[in-house]
Amino acid sequence: MNRIPGDRHSSPTRRALLTAGAGAALAAGCARGGASGAPAAEAGGTATPTAAAGGITPGVMTLFKDPGYNFNGLLALGASGAGAAEVGEVLTAVNTINDSGLSAQSYVKTFRTLGDQLLKAPPGAPADGRTKRFRALRAAQYYGQALFFVLGSDDPGSEEQLYKAGRGAWDTFCDLCEPAPVKANVPYGSTPLPVWFFRPDTSDTPRPTVILTNGSDGQNVDMWTYGVPAALDRGWNALVYDGPGQGQLLFVDQVVFTPTWEEVVTPLVDWLSARPDVDPDRIALTGLSMAGDLAPRAAAFETRIAALVAMPGCLEPWLGFPPEIRQILTPDKQETNDIWNKEVVPELPPDAADVMKKRFEPFSIPAMLEARQGKLFTDFYTPATRIQALSITDVVGRIKAPTLVLDYEGEQFYPGQPRRMYDALTSPKDYLKLTAAEGAQLHCSPMAPQLHCEVVFDWLRKTLPDR
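Predicted, not measured: the structure shown is a model, and the values here were computed from it. (Residues numbered from 1 in each chain as written. Predicted model: local features only at pLDDT ≥ 70, side-chain atom pairs only at ≥ 80, totals over all residues. Heavy atoms only, no water.)

Asker: For unusual backbone geometry, give the residues involved together with the corresponding values.
Answerer: Note the cis peptide between E178 and P179, where omega equals -5°. Along the chain, M311 connects to P312 via a cis peptide bond; the corresponding omega equals 5°. Here P312 is to be found in the loop between β6 (307–311) and α12 (323–326). Positive phi, close to 65°, is recorded for C444, a residue that is not glycine. (Helix = DSSP H or I, 4+ residues; strand = E, 2+ residues; numbered from the N terminus.)

Asker: How would you sum up the confidence of the model for the chain? Please name residues and give values.
Answerer: The predicted model of the chain has a mean per-residue pLDDT of 91, with 88% of residues at 70 or higher. When mean pLDDT is compared element by element in the chain, β6 scores highest at 99, while helix α1 (residues 12–29) scores lowest at 46. Within the model, the stretch residues 1–20 combines pLDDT values under 50 with 39 contacts to residues more than four positions away or in other chains. The low-confidence segment residues 27–53, where pLDDT is below 50, has 75 contacts with residues more than four positions distant or belonging to other chains. (pLDDT = per-residue confidence, 0-100. Contact = heavy atoms within 4.5 Å.)

Asker: How would you summarise the sheet that holds strand β2 (residues 193–198) if you had to cite specific residues and measurements?
Answerer: To summarise the sheet geometry, strands pair through backbone hydrogen bonds and adopt either a parallel or an antiparallel arrangement. Reading across from one edge, β1-β2-β4-β3-β5-β6-β7-β8 is the order of the eight strands in this open sheet, with mixed pairing throughout. Two strands lie at the open edges of the sheet, namely β1 (182–186) and β8 (429–434), each paired on one side alone. Between one strand and the next, the sheet's axes are offset by a mean angle of 20°, whatever the strand orientation. Of the strands in this sheet, β3 (207–213), β5 (278–288) and β6 touch helix α11 (residues 291–301), which is tilted by about 145° from β5. (Pairing = 2+ DSSP bridges. Axes fitted to C-alpha atoms, helices over the stretch in contact; angles between N-to-C directions.)

Asker: I'd like to hear about the nonpolar core, residue by residue, with values.
Answerer: One finds W170, F173, F198, V210 and L460 to be the most contacted residues of the largest nonpolar core, which totals 82 residues. Apart from residues no more than four positions distant in its own chain, F198 is found in contact with W170, C174, C177, P181, W224, V228, L232, N237, A238 and V240. In this structure, L239, V265, I283 and V396 belong to the second largest nonpolar core, which totals 64 residues. (Core = buried A, V, L, I, M, F, W, Y, C linked by side-chain atoms within 4.5 Å. Buried < 20%, exposed > 50% of the residue type's maximum accessible area, 1.4 Å probe, protein only.)

Asker: Before we move on, can you summarise the side chain of S364 with the specific residues and values?
Answerer: Tracing the chain through its elements places S364 in the loop between α14 (350–360) and α15 (365–372). For S364, a relative accessible area of 6% gives the class buried. With residues near it in sequence (within four places) discarded, S364 still touches V256, P383 and R386.

Asker: Break down the pairing of strand β4 (residues 237–241) for me, citing the residues and quoting the values.
Answerer: A large share of β4 lies buried, amounting to five of its five residues. Neither face of β4 is exposed, since N237, L239 and Y241 on one face and A238 and V240 on the opposite face are all buried. Across four bridges, β2 lies against β4 in antiparallel orientation. Residue pairing in the sheet places F197 in a bridge with L239 of β4. Bridge count between β3 and β4: four bridges; the pairing is parallel. Counted as the bridge partner of I211 is L239 from β4.

Here it is, written out as structure tokens:
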């Protein structure tokens, strides 16, 4: 691990970098998806011109001055096309938050209240099943918005309860779908994986199927926006699931991410292959956000995956953290934690501390439980090394499935990594960069999920054509 030269106890340059520098970097580029207006660093550490301050989300694309909140708001707004949000509801919430003063507390309160309201009857006539269905879907979105910032609010201990509210809304939505998805628990170690299997109809016609893999901080409603309707409209099945470090397994079962994601995907493929309505030769796998690392890892070992999409391609999730944070980690656990607790934490601004709580909780249950008590974790070394272990640089060449690697103009988390993945692949491969000219800039194209799905599913149908 590269270190800054000099005595760590006496070097003011190093101390400034690891405190003020770390705080500024976190506030700008370490929130969900990173900054919407801050420069995005390439793999070598230089900023890309397209991400110059203010340039990547011009005009009305800036809902909040804070780039981390802005990115989340854009995700909610973009979900409207899939019925997972309502433009007027999101913009009204944005106005309410800005009028109150943007903070984790105002954000959580506003979106949680909106979720609560949508689970009640709408004005006018009694709600029918379809109305209840899509109100529940939007409620799941808004609870997810609140959940993301709850650790920085006045009530961080409500995190599990807030997750369960969003999960309840999601399940209500699923129960009202026609046909309703098959719900099951797929064996995985001592903690089964909850799955939702969506089908165009209830016949036993064997169909191509896509396994939709979420990232490090998304909720099931995001998988609806980024794939389920697109799959169903094309006559495909779609599988949504919670893996370790995600959803139920994280917030309730307290299971953190694993670097061996093939151990997660293989049971899913087993379960799907046993179904008469699945064509076992046409099972595709997609990975959104950090799952652009997880899904390729799985495909490197699970040979039944017939097509793979990385959205975006990611080889080393640890590089998604600013260098000021990465430089804290040393080969020695005690030394690392001394740097963290004695040099960094005392000078870390509250907003940066809240970002660290959120970013590290999927990799450390003690960190999650401490955050729920309003505390910042003291063991930096353990979760940091777990994130480092997600590197797939040494296995990406094993992938045999045809692969689409997506990239995004202004990519904040993993700049440069999609192209690195594409270059390292030895399987049939395609690379596509979505751009600001299409309104599809930023990590995962938050403002253009419909375009995103068109690109992905057109490629999947070309790669796995109808029989």
